[in-house]
Structure formats: structure tokens, C-alpha cells
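Coordinates in review
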Amino acid sequence: MASKFDTESIVLDNAENKIKPPDMYRVVLLNDHYTPMDFVIEILRTVFHKNPVEATKIMFEVHRKGSGLAGVYIHDIAATKVQQVDQLARYEEYPLKCTMERT
Ligand code: TYC
């Protein structure tokens, strides 16, 4: 007698329900000439939970190459982080920009 706890049943259920992983989004920071480096590092620390070494590395990558990856998230988390960066930058009147793109 098959129970819903059998491994075979679980596999069949997944196939029928078409369970698939969510689309993921890259959140990308863009360079500009005015936003202070320390502010970008602070954004990477507080919004993207990077440690000081990683945050500094990403900031310099953006500074040198024009853009850099801050993180990869599901849609709503990525959108929220873009909004948070926008809001924090706007409050300080810095032109820092951040975008999201589907992976
Ligand atoms: N280019 C800026 C400066 O020289 C620093 C900077 C880095 C700005 C990363 C934005 O996303 C950025 N002050």
C-alpha cells in the first residue's frame, strides 16, 4: 500500500506539480564619480551582508570596471535591496545606482 511518505510517491508528486526552482536575479552596483567609496562599502556591509574584506573588494571592482555583483536573490528580495540602496543613496544625495537582471 503506497503512502505519501514513500520516496516513489514524492518523486511522482514533484513531477505532477512541476516544482521548479525560482528565477534568480543578479543585483549589480554601478560606478559613478561622486559616491564616496566608504558609503559604497557601508551599503555592501548593511544591505548585502558582506564582510569588510569582501565589501572593499566589490567596491573596487565596481570603481575599476564600471559595475560589480552585489548578490543573487529571488525576485522580491532583489527588488527590495535595489529599493534600499536607492533610498539610502537618495537620502545622502549620492548618485549611486543599482540594477537587477535575471540570471
Ligand atoms: N567611483 C567612486 C569614487 O571614486 C566610488 C564608487 C564605487 C562609486 C562604487 C560607486 O558603485 C560605486 N568615489
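These remarks concern the structure in this document.

Definitions and limits used
- Residues numbered from 1 in each chain as written.
- Predicted model: local features only at pLDDT ≥ 70, side-chain atom pairs only at ≥ 80, totals over all residues.
- Heavy atoms only, no water.
- Near = heavy atom within 4 Å.
- Polar contact = N/O pair within 3.5 Å; in protein donor to acceptor, adjacent residues only side chain to side chain.
- Helix = DSSP H or I, 4+ residues; strand = E, 2+ residues; numbered from the N terminus.
- Buried < 20%, exposed > 50% of the residue type's maximum accessible area, 1.4 Å probe, protein only.
- Lys, Arg positive; Asp, Glu negative; His and termini not counted.
- Salt bridge = Lys/Arg side-chain N within 4 Å of Asp/Glu carboxyl O.
- Contact = heavy atoms within 4.5 Å.
- Phe/Tyr/Trp six-rings, centres within 6.5 Å; stacked < 30°, edge-to-face > 60°.
- Lys NZ or Arg CZ within 6 Å of the ring centre and 35° of its normal.

Remarks on the site of the ligand
Close to the ligand lie L30, N31, D32, T35, M37, V40, M59, V62, H63 and L96. H63 has a polar side-chain atom sitting 2.9 Å from a nitrogen atom of the ligand. Per-element tally for the shell around the ligand: the top contributor is helix 3 (residues 52–65), with 3 residues.

Considerations on the side chain of D32
Inspection of the secondary structure puts D32 in the loop between strand 1 (24–30) and helix 2 (37–46). Nearest to the buried, unbridged D32 among oppositely charged side chains is K97, at 8.7 Å. At 2.7 Å, the side chain of D32 and the backbone nitrogen of Y34 are in polar contact. Side-chain polar atoms of D32 contact the backbone nitrogen of T35, separated by 2.6 Å. D32 has contacts with P95 and L96, leaving out every residue within four places of it along the chain.

Section: the packing of aromatic side chains
Summed over the entire model, instances satisfying the criterion amount to 2 aromatic pairs. Each ring, one from F39 and one from Y94, has its centre 5.0 Å from the other, and the planes form 65 degrees; the classification is edge-to-face. Separated by 55 residues along the polypeptide, F39 in helix 2 and Y94 in the loop between helix 4 (75–92) and strand 3 (97–102) bring together distant segments of the chain. The exposure class assigned to Y94 is partly exposed, which follows from its relative accessible area of 26%. With centroids separated by 6.4 Å and ring planes inclined at 35 degrees, the aromatic side chains of F48 and Y73 adopt a geometry described as tilted. Of this pair, F48 sits in the loop between helix 2 and helix 3 while Y73 sits in strand 2 (residues 67–74), placing them 25 residues apart in sequence. The exposure class of F48 is buried, given its relative accessible area of 4%. Residue placement shows K81 over the ring face of Y73; its charged tip is 5.1 Å from the ring centre.

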